[in-house]
Amino acid sequence: MDRISPAHRSWNMSQIKGRDTLPERRVRSIIHRLGFRFSLRRKDLPGRPDIVLTRYQIAVFVHGCFWHRHKRCAKAVMPKTRPEFWAAKLNGNVERDRRNTKELKKRGWQVLTIWECEAQDESRLATRLAARLIPLRHD
């Protein structure tokens, strides 16, 4: 049984953003500070990556831990209400992510996934992104 009314639950769900989230903005800010330029949500690529570094063929996904089932993360809990619905929905998200990653790699793209919980520690995130991106720079 849900602890809040259906109207309030609906309002809560309506407040969940699908784009320009705080973790996504943090990742973009760090990548920009590292001197890289990028595109956002390219519709012509599988999964419409959140950030695309076309010059280096890197697709960056910034995933919410709950919605994309980050393994061993405290935020990836299964809701107690309607567990069958949520299991199907969330497992479908994970499967779609796998398909999109596989297709991007098949097309020659590198895929980088940043998890919501990783974006909380900005200095660690900056170190990780720098280690991954700076060696690619040839100029």
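Rules of the game
Residues numbered from 1 in each chain as written. Predicted model: local features only at pLDDT ≥ 70, side-chain atom pairs only at ≥ 80, totals over all residues. Heavy atoms only, no water. Core = buried A, V, L, I, M, F, W, Y, C linked by side-chain atoms within 4.5 Å. Buried < 20%, exposed > 50% of the residue type's maximum accessible area, 1.4 Å probe, protein only. Helix = DSSP H or I, 4+ residues; strand = E, 2+ residues; numbered from the N terminus. Contact = heavy atoms within 4.5 Å. Expected span 1.5 Å × (residues − 1). Arc of directions from axis to C-beta. Pairing = 2+ DSSP bridges. Axes fitted to C-alpha atoms, helices over the stretch in contact; angles between N-to-C directions.

Attention now goes to the nonpolar core. Residues Val 27, Ile 31, Leu 53, Val 60 and Leu 129 are the most contacted members of the largest nonpolar core, which totals 18 residues. Among the elements of the structure, α2 (22–33), β2 (51–53), β3 (58–63), β4 (110–115) and α4 (122–133) are those that each provide at least two residues to this core. The leading source of residues in this core is α4, at four residues. Setting aside anything within four residues of it in sequence, one finds Ile 31 in contact with Phe 36, Phe 38, Ile 51, Leu 53, Leu 129 and Leu 133. Ranked by size, the runner-up nonpolar core spans seven residues in total, among them Val 52, Ala 59, Leu 104 and Trp 109.

A few words now on α2. Here α2 contains 12 residues, and its C-alpha end-to-end distance of 16 Å stays within 8% of the 16 Å for a straight helix at 1.5 Å per residue. Buried within α2 are the following residues: Pro 23, Glu 24, Val 27, Arg 28, Ile 30 and Ile 31. The buried residues of α2 occupy one face: seen down the axis, they fall within an arc of 165°.

What follows deals with α4. In this model, α4 (12 residues) spans 16 Å end to end at C-alpha, consistent with the 16 Å of a helix rising 1.5 Å per residue. Turning to α4, its buried residues number three or more, namely Leu 125, Leu 129, Ala 130 and Leu 133. The buried residues of α4 occupy an angular sector of 130° when the element is viewed end-on, so they sit on one face. α4 presents Ser 123, Arg 124, Thr 127 and Ala 131 as exposed residues on the side facing more than 90 degrees away from its buried surface. Among the structural elements, α2, β3 and β4 are those in contact with the buried residues of α4.

Moving on, we come to unusual backbone geometry. Backbone geometry places Arg 48, a non-glycine residue, at a positive phi of 45°. Here Arg 48 is to be found in the loop between β1 (39–40) and β2. Although it is not a glycine, Arg 82 sits at a positive phi angle of roughly 50°. With respect to the element layout, Arg 82 can be found in the loop between β3 and α3 (83–106).

So, on to the sheet that holds β4. Overall, mixed pairing links the four strands, which are arranged β1-β2-β3-β4 in an open sheet. Two strands lie at the open edges of the sheet, namely β1 and β4, each paired on one side alone. Relative to β4, β3 runs parallel, the two sharing six bridges. Paired with Val 60 across the bridge in β4 is Leu 112. Across the sheet, α4 touches β3 and β4, and the angle it forms with β4 is around 175°.

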